[in-house]
Amino acid sequence: MNTHATLTYVYAVTRPTSRLAEALATLQGIGGAPVRLLLPGPPTGAGADPDAGRGAPTASGAVPAAPAFAASEVPESDFNEHALKNHFEDLEWLEHVARTHHDVVQALAAHATVLPLRMATVYQDEGRARHVLTAQRHAFARRLDELDAHTEYGVKIYLTAPTATAGTRTGEGAEATRTAPAGPGKAYLHARRAQHHAREAVYQQARQAAATIEAIAARHATGHVRHAPQSGALTGPQENVLNDAYLVPDHQAEPFRNAIVDAAGDFPDLRIEVTGPWAPYSFAMPAPDSPPDPQEPPP
């Protein structure tokens, strides 16, 4: 492969293990390129073995191997700065790259602890990638230690019932209908007031559900990131009001999921969804500023 026409694309940080080596033997990245591990080291010179310095797992596992980049080669013409600006407007290309990136990270996570990196993390060549890995290897090692034997799970809350009619489940709507005043103007104002009360009732359920999930997570999870609610095609006709990620120890995963599923039955106007297991995307870097809780319905 012409190295002048390629860049080094990095999917994640991980540690070499025998299980991972078996997975890498058949794992393909973007464009079908083989995924391989790069270990910390100085830039490789012309003619140097690109696999030189690659670490090997210890027999006992007592001393963890050095962090490594999981990487593959990608065409420079598609991933240079100018090309990426154009490609990020191409939804079909973007979806393909994002899906491949995710598939590689999930395949790695099935065999080893991983620290996922952002999509389109590219370096000029393998030597530059090794240099960056060397400079940050201690920080990467600490984070891998913290994520070991943990998995990410998502918890989302959706409003399943139209907020204008949800209050009928508590009898509010029926009572409002019986007491509706005569006349079109008063009827309109009354309907608006009833709609507002119904919306408040559903959002109150969402607040209670969020508090319940938080209490469950306090027993089972070790990390929490609150993402902005999703919208548009990602949610369909249902409104997403909570979009949280939790870092859960592997031995707590089943109790965590079961507790969330059991609690969901207490909130009839909501759909509470648990997703995962995922590689710890939300915990690879410092947590972003958290959006506010779903405390108030939108105007």
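Because the structure is predicted, anything quoted here is derived from the model rather than measured.

A. View of the overall build of the protein. A count of helices and strands for the protein gives 9 helices and 9 strands. Counting over 299 residues, the protein shows a buried share of 40%. Intrachain contacts of the protein at a sequence separation of at least 6 include 83% that bridge at least 24 residues.

B. Layout of the sheet that holds strand E8 (residues 239-249). Pairing in this open sheet of 4 strands is antiparallel, and the strands run E7-E8-E6-E9 from one edge to the other. Strand pairing shows two members of the sheet lacking a second neighbour, strand E7 (223-227) and strand E9 (270-278), which therefore form its edges. Taking the axes of each pair of neighbouring strands and ignoring which way they run, one obtains an average angle of 20 degrees across the sheet. Sheet analysis places strand E6 (residues 150-159) next to E8, joined by 10 bridges and oriented antiparallel. Following the sheet pairing, Glu 152 is matched in E8 by Leu 247.

C. Molecular detail of helix H5 (residues 126-135). Within H5, burial applies to Glu 126, Gly 127, Ala 129, Arg 130 and Leu 133. Burial along H5 is one-sided: seen end-on, the buried residues are contained in an arc of 160 degrees. The N-terminus of H5 is capped by Asp 125, whose side-chain oxygen sits 3.1 Å from the backbone nitrogen of Gly 127.

D. View of the environment of Gln 106. One can find Gln 106 in helix H4 (residues 91-109). Judged by relative accessible area, Gln 106 falls into the partly exposed class, the value being 21%. Counting along the chain gives 10 residues from Gln 106 to Pro 116, while the straight-line C-alpha distance between them is 9.2 Å. Residue contacts for Gln 106: discarding those within four places in its chain leaves Pro 277, Trp 278, Ala 279 and Tyr 281.

E. Layout of the nonpolar core. Counting 27 residues, the largest nonpolar core has Ile 157, Tyr 246, Phe 256, Ile 260, Leu 270 and Ile 272 as the members making the most contacts within it. Looking at which element gives the most residues to this core, the answer is helix H8 (residues 184-220), with 8 residues. Setting aside chain neighbours within four positions, we find Phe 256 in contact with Tyr 153, Val 155, Ile 216, Ala 217, His 220, Tyr 246 and Val 248. If you look at the next biggest cluster of nonpolar residues, it comprises 25 residues, including Leu 27, Ile 30, Leu 108 and Val 114.

F. Representation of the packing of aromatic side chains in the model. Across all of its chains, the model carries 7 aromatic pairs by this definition. With 4.7 Å between their ring centres and 45 degrees between their planes, Tyr 9 and Tyr 11 make a pair best called tilted. Taking relative accessible area as the criterion, Tyr 9 reaches 0% and is therefore assigned buried. One aromatic cluster in this structure is built from Tyr 9, Tyr 11, Phe 79 and Trp 93. The positively charged end of Arg 271 is found above the aromatic ring belonging to Tyr 158, 4.1 Å away from the centroid.

G. Spatial organisation of the confidence of the model for the protein. Confidence in the prediction for the protein averages 81 pLDDT; 72% of positions are at 70 or higher. Here helix H7 (residues 172-178) stands out as the element of the protein with the lowest mean pLDDT, 49, in contrast to helix H9 (residues 253-264), whose mean of 97 is the highest. A low-confidence stretch, residues 163-168 (pLDDT under 50), is modelled with 14 contacts involving residues beyond four sequence positions or located in other chains. Note that residues 287-299 has pLDDT below 50 and, in this model, 23 contacts with residues that lie over four places away or in other chains.

Thresholds, definitions, all that
- Residues numbered from 1 in each chain as written.
- Predicted model: local features only at pLDDT ≥ 70, side-chain atom pairs only at ≥ 80, totals over all residues.
- Heavy atoms only, no water.
- Helix = DSSP H or I, 4+ residues; strand = E, 2+ residues; numbered from the N terminus.
- Buried < 20%, exposed > 50% of the residue type's maximum accessible area, 1.4 Å probe, protein only.
- Contact = heavy atoms within 4.5 Å.
- Pairing = 2+ DSSP bridges.
- Axes fitted to C-alpha atoms, helices over the stretch in contact; angles between N-to-C directions.
- Arc of directions from axis to C-beta.
- Polar contact = N/O pair within 3.5 Å; in protein donor to acceptor, adjacent residues only side chain to side chain.
- Core = buried A, V, L, I, M, F, W, Y, C linked by side-chain atoms within 4.5 Å.
- Phe/Tyr/Trp six-rings, centres within 6.5 Å; stacked < 30°, edge-to-face > 60°.
- Lys NZ or Arg CZ within 6 Å of the ring centre and 35° of its normal.
- pLDDT = per-residue confidence, 0-100.

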